[in-house]
Amino acid sequence: MSFPFTINKTHYVGGSTYRYRLGKSEDLSQLEVALSSASIPFSWFNISASQNNNKFTIRHPTLAGTVDLTITLKDGGYEVSDMNAALRTSLINQGYFIQNTTTLDQTVYAALRVNASTYSIEYISYPLPTALPSGYIAGSAITFPATAKGTQLIIPSSNIQTRLGFTAGTYPAVQPTVLTVISSSVVPVINDVSNVIITLDSCYNPYNSNSQSLTSISPAGVAFSRTIQYTTPALIWCEQQSGVRQELTIRLVDQFYRQIELTETDIVLNLVLRRKLN
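Each chain carries its own residue numbering, running from 1 in the written order of its sequence. Given that this is a predicted model, residues contribute local features only at a pLDDT of at least 70 and side-chain atom pairs are listed and counted only at 80 or more, while totals for whole chains, interfaces and linings are drawn from all residues. By convention in this description, side-chain values take in all heavy atoms of the structure and omit both hydrogens and water.

Enquirer: Give a detailed account of the overall build of the protein chain, specifying residues and quantitative values.
Expert: By the criteria applied, helices consist of DSSP H or I runs no shorter than four residues and strands consist of E runs no shorter than two, each listed in order from the N terminus. When helices and strands are tallied, the protein chain shows two helices and 22 strands. In summary, the protein chain has a C-alpha radius of gyration of 26 Å against a globular reference of 19 Å for 278 residues, an excess of more than 25%. C-alpha atoms of the protein chain, sized along the principal axes, occupy 85 × 35 × 30 Å. For every residue, the accessible area (1.4 Å probe, protein chains only) is compared with the maximum for its type, and the residue is labelled buried under 20%, exposed over 50%, or partly exposed between those bounds. Residues counted as buried form 43% of the 278 residues belonging to the protein chain. Using a 1.4 Å probe, accessible areas were evaluated by the Shrake-Rupley method; residue-level cover was limited to the displayed protein chains. Of the accessible surface of the protein chain, which amounts to about 13,800 Å², a share of 51% is contributed by carbon and sulfur atoms. In this charge count, Lys and Arg are treated as positive and Asp and Glu as negative; neither His nor the chain ends contribute. By convention, the point assigned to a charge is CZ for Arg, NZ for Lys, CD for Glu and CG for Asp. Charge centroids of the protein chain, computed over 18 positive and 17 negative side chains, lie 2 Å from each other. Here the globule rule is a power law, 2.2 Å times the number of residues to the power 0.38, and the radius of gyration is based on C-alpha atoms.

Following this line, the structure appears as structure tokens:
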């Protein structure tokens with residue numbers, strides 16, 4: 001005989017922890033538990049002020065020399081394309097752009113992109129012209145250098161290095177005069193949660209370094225803010241620790257057993273208890 005039960009947001013107690021109260025006190029030593037399905041919103045940020053990875057600088061040419069512009073990313077879940085969009089928006093908001101008077105297209109002189117063939121992120125530095133091109137209007141802050149010069153990316157000594165794959169420094173090291181593409185020097189880690197491990201405090205798994213591990217779910221292929229769906233054709237049963245319990249505590253952690261900081265707590269975990277088979 002099996003006994004299904006569901007964990008949802010009503011059982012949330014903080015962090016990435018959920019607590020389910022059993023209908024009665026029970027010695028679980030003669031029971032096994034399995035996860036039959038799960039729905040988990042992909043809601044943990046990979047960029048945030050608390051992770052110290054939300055800022056970098058663009059050194060922008062001007063008539064007088066250069067100006068350093070801080071790019072601050074709002075807390076959120078980012079792909080490289082999102083970071084580039086935020087970079088573009090920040091430069092425009094700070095007045096460092098030109099705009100076509102006919103099409104209204106806006107041009108900035110720095111960009112980020114993925115190079116899938118080299119497993120890297122590229123910074124693109126575009127040279128500013130020496131004067132405003134015909135048919136354009138200038139942003140409120142941009143001025144033009146006496147000779148064509150490009151922008152530079154400045155990476156601070158912070159955790160943004162991990163996300164972008166550039167170590168602390170200035171890229172390119174010398175201000176360029178032509179279009180220049182610089183590749184990240186180390187493999188970028190855009191999202192460091194490669195597996196969501198579900199732990200149950202009553203589990204007894206002697207063959208795992210964390211004996212409370214129930215199962216793991218990969219978010220691969222799921223975009224930020226979408227829902228990670230998990231089902232299994234064959235239940236994986238986990239023995240339970242001996243002792244009488246009246247509640248179960250479930251936690252969501254990453255592959256290193258670090259707490260996942262959930263922004264959306266509306267998860268659904270469908271679990272099953274059954275008596276041990278002889």
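Enquirer: Could you give an account of the packing of aromatic side chains, naming the residues involved and the relevant values?
Expert: Note on aromatic pairs: the rings of Phe, Tyr and Trp (six-membered ring only in Trp) are paired at centre separations within 6.5 Å, and the planes decide the class, stacked below 30 degrees, edge-to-face beyond 60, tilted for the rest. Enumeration over the complete set of coordinates arrives at six aromatic pairs. Centre to centre, the rings of Phe-5 and Tyr-20 are 4.8 Å apart; their planes meet at 35 degrees, and the pair counts as tilted. Of this pair, Phe-5 sits in strand S1 (residues 2–7) while Tyr-20 sits in strand S3 (residues 17–27), and the two are 15 residues apart along the sequence. For the ring pair Phe-45 and Phe-224, a centre distance of 6.0 Å and an interplane angle of 50 degrees mean the geometry is tilted. Here Phe-224 lies in the loop between strand S18 (213–217) and strand S19 (227–231) and Phe-45 lies in the loop between strand S4 (31–41) and strand S5 (55–61), a separation of 179 residues in the sequence. With relative accessibility at 28%, the residue Phe-224 sits in the partly exposed group. Among the aromatic residues, ring-to-ring pairing joins Phe-42, Trp-44, Phe-45 and Phe-224 into one connected group.

Enquirer: I'd like a description of the pattern of salt bridges, backed by residues and values.
Expert: One side-chain nitrogen of Lys or Arg within 4 Å of one carboxyl oxygen of Asp or Glu is enough to make a salt bridge. This model, assessed by the stated rule, comprises eleven salt bridges. Among the ionic pairs, Arg-19 bridges to Glu-247, the shortest N-O distance being 3.7 Å. With Arg-19 in strand S3 and Glu-247 in strand S21 (residues 244–253), this residue pair connects regions lying 228 residues apart in the sequence. Judged by its relative accessible area of 30%, Arg-19 is partly exposed. Linking Arg-113 and Glu-122 is a salt bridge whose minimum nitrogen-to-oxygen distance equals 2.7 Å. It is possible to trace a salt-bridge network through shared partners that takes in Arg-19, Arg-21 and Glu-247.

Enquirer: Before we move on, can you summarise the state of the cysteines with the specific residues and values?
Expert: Working definition: a disulfide is two cysteine sulfur atoms within 2.5 Å of each other. The tally for this structure, following the rule as stated, stands at zero disulfides. Here Cys-203 is not disulfide-linked; the sulfur of Cys-238 is the nearest cysteine sulfur, at 3.3 Å. Given a relative accessible area of 0%, Cys-203 falls into the buried group.

Enquirer: How would you summarise helix H1 (residues 80–93) if you had to cite specific residues and measurements?
Expert: End to end, H1 covers 20 Å across 14 residues, agreeing with the expected 20 Å (1.5 Å per residue, within 8%). Among all positions of H1, only Val-80, Met-83, Leu-87, Ser-90, Leu-91 and Ile-92 are buried. In what follows, residue pairs with any heavy atoms lying within 4.5 Å of each other are defined as contacts. Buried residues along H1 sit against S5, strand S6 (66–72), strand S8 (106–107), strand S9 (110–115), strand S10 (120–125) and helix H2 (160–164). Residue Gly-95 follows H1 closely and has a positive phi angle near 90 degrees. Take the residue count of a helix, subtract one, and multiply by 1.5 Å to get its expected span.

Enquirer: Kindly report on the environment of Ser-16, identifying the contributing residues and their values.
Expert: Mapped onto the elements of the fold, Ser-16 is located in the loop between strand S2 (12–14) and S3. Among the residues examined, Ser-16 registers a relative accessible area of 0% and is labelled buried. For the pair Ser-16 and Ile-260, spaced 244 residues apart in the sequence, the C-alpha separation amounts to 6.0 Å. Once residues lying within four places of it in the same chain are set aside, the contact partners of Ser-16 are Ile-250, Arg-251, Leu-252, Gln-259, Ile-260 and Leu-262.

Enquirer: Please set out the sheet that holds S5 residue by residue, giving values where relevant.
Expert: Here, strands pair whenever DSSP counts at least two bridges between them. Taken in spatial order, the four strands make up an open sheet running S6-S5-S14-S15, and their pairing is antiparallel. Both edges of this open sheet fall to S6 and strand S15 (169–171), since each of them pairs with a single strand only. If you compare each strand with its neighbour and ignore which way they point, the axes differ by 25 degrees on average. The axes are straight lines fitted to the C-alpha atoms, using for helices just the contacting stretch, and the angles between their N-to-C directions are given from 0 to 180°. Sitting on the sheet, H1 touches S5 and S6, and the angle it makes with S6 is about 130 degrees.

Enquirer: Before we move on, could you go through unusual backbone geometry and cite the residues and values that matter?
Expert: Of note, the amide linkage connecting Tyr-171 to Pro-172 takes the cis form, showing an omega dihedral of -15 degrees. Tracing the backbone through its elements, the reader meets Pro-172 in the loop between S15 and strand S16 (180–183). Here the phi dihedral of Tyr-119 falls at roughly 55 degrees; this positive angle occurs in a residue that is not glycine. Of note in the backbone geometry, Ser-225 takes a positive phi value of approximately 80 degrees without being a glycine.

Enquirer: Break down the pairing of S19 for me, citing the residues and quoting the values.
Expert: A one-sided burial pattern is seen for S19, the buried positions being Ile-228 and Tyr-230 and the unburied ones Thr-227, Gln-229 and Thr-231. In this structure, S4 lies alongside S19, joined through five bridges in antiparallel fashion. Paired with Ile-40 across the bridge in S19 is Ile-228.

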